[in-house]
Amino acid sequence: ILKAFDKIPSRDRDTLCSEMSRTACEGQGFSKDLVPKDVLLNPVGPAFLVYYGPAYLQALGSDSPIFRLSVLAEIYRSARVLWPKSNIE
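Please read all numbers here as calculations on a predicted model, not as lab measurements.

Undergrad: How do you make sense of the overall build of the chain when you look at a structure like this?
TA: Secondary structure assignment for the chain yields 5 helices and 0 strands. Listing each helix as α and each strand as β along the chain from the N terminus yields α-α-α-α-α. Relative to a compact globule of 89 residues, whose C-alpha radius of gyration would be 12 Å, the chain shows 13 Å and is just as compact. Taken along its principal axes, the extent of the C-alpha atoms in the chain is 40 × 30 × 20 Å. Counting every position in the chain, which comprises 89 residues, the buried fraction comes to 30%. Taking all contacts inside the chain whose residues are at least 6 apart in sequence as the whole, residues at least 24 apart take part in 60%.

Undergrad: Is there a simple way to think about the confidence of the model for the chain in this case?
TA: Caution applies to low-pLDDT parts of the model: their predicted coordinates are not meant to be read in detail. This prediction gives the chain a mean pLDDT of 89; 98% of its residues lie at or above 70. Looking across the chain, the model is least confident in helix 3 (residues 37–41), with a mean pLDDT of 83, and most confident in helix 5 (residues 65–82), with 96.

Undergrad: Whenever I open this one, the nonpolar core confuses me. Can you help?
TA: Among soluble globular proteins, nonpolar side chains are generally buried collectively. Ala4, Ile8, Leu16, Phe48, Leu57, Leu69, Leu72, Ala73, Tyr76 and Ala79 together form the largest nonpolar core, which totals 10 residues. If you tally residues by element for this core, the top one is helix 5, at 5 residues. Those residues in contact with Ala4 that sit more than four places away from it in its chain are Pro65, Ile66 and Leu69.

Undergrad: Help me understand the packing of aromatic side chains, please; the structure alone is not making it clear to me.
TA: Describing an aromatic ring pair means giving the distance of the ring centres and the angle of the ring planes. Enumeration over the complete set of coordinates arrives at 2 aromatic pairs. Where Phe48 meets Trp83, the ring centres are 6.2 Å apart and the plane angle is 55°; that geometry is what we call tilted. Linking Phe48 in the loop between helix 3 and helix 4 (53–58) with Trp83 in the segment after helix 5, this pair joins segments that are 35 residues apart in sequence. Between Tyr51 and Tyr52, the aromatic rings sit 5.0 Å apart at their centres with planes inclined by 85°, giving edge-to-face as the arrangement. By relative accessible area, which is 61% here, Tyr52 ends up exposed. Of note, Arg68 hangs over the ring of Tyr56, and the distance from its end group to the ring centre comes to 4.4 Å.

Parameters at a glance
- Residues numbered from 1 in each chain as written.
- Predicted model: local features only at pLDDT ≥ 70, side-chain atom pairs only at ≥ 80, totals over all residues.
- Heavy atoms only, no water.
- Helix = DSSP H or I, 4+ residues; strand = E, 2+ residues; numbered from the N terminus.
- Rg over C-alpha atoms; globule rule 2.2 N^0.38 Å.
- Buried < 20%, exposed > 50% of the residue type's maximum accessible area, 1.4 Å probe, protein only.
- Contact = heavy atoms within 4.5 Å.
- pLDDT = per-residue confidence, 0-100.
- Core = buried A, V, L, I, M, F, W, Y, C linked by side-chain atoms within 4.5 Å.
- Phe/Tyr/Trp six-rings, centres within 6.5 Å; stacked < 30°, edge-to-face > 60°.
- Lys NZ or Arg CZ within 6 Å of the ring centre and 35° of its normal.

Here it is as structure tokens:
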């Protein structure tokens, strides 16, 4: 998965980094050097939890990890269409 992450399209990589850096708790965050600048400067929500995301990536079977990461990125993009970024709690 880690090797594949560097090989996915930048759009997918940016989506995963941005969406997985969001937190639903005010004032909570991750290491500033790991969080995309747009998330640090504009920490809006909602944050999404893809509950079976880790299991989906761990149980690759014969699937390509690049494919799985891209699908996960598309899940986040689709969720963002349904629930746009907002400061409303």
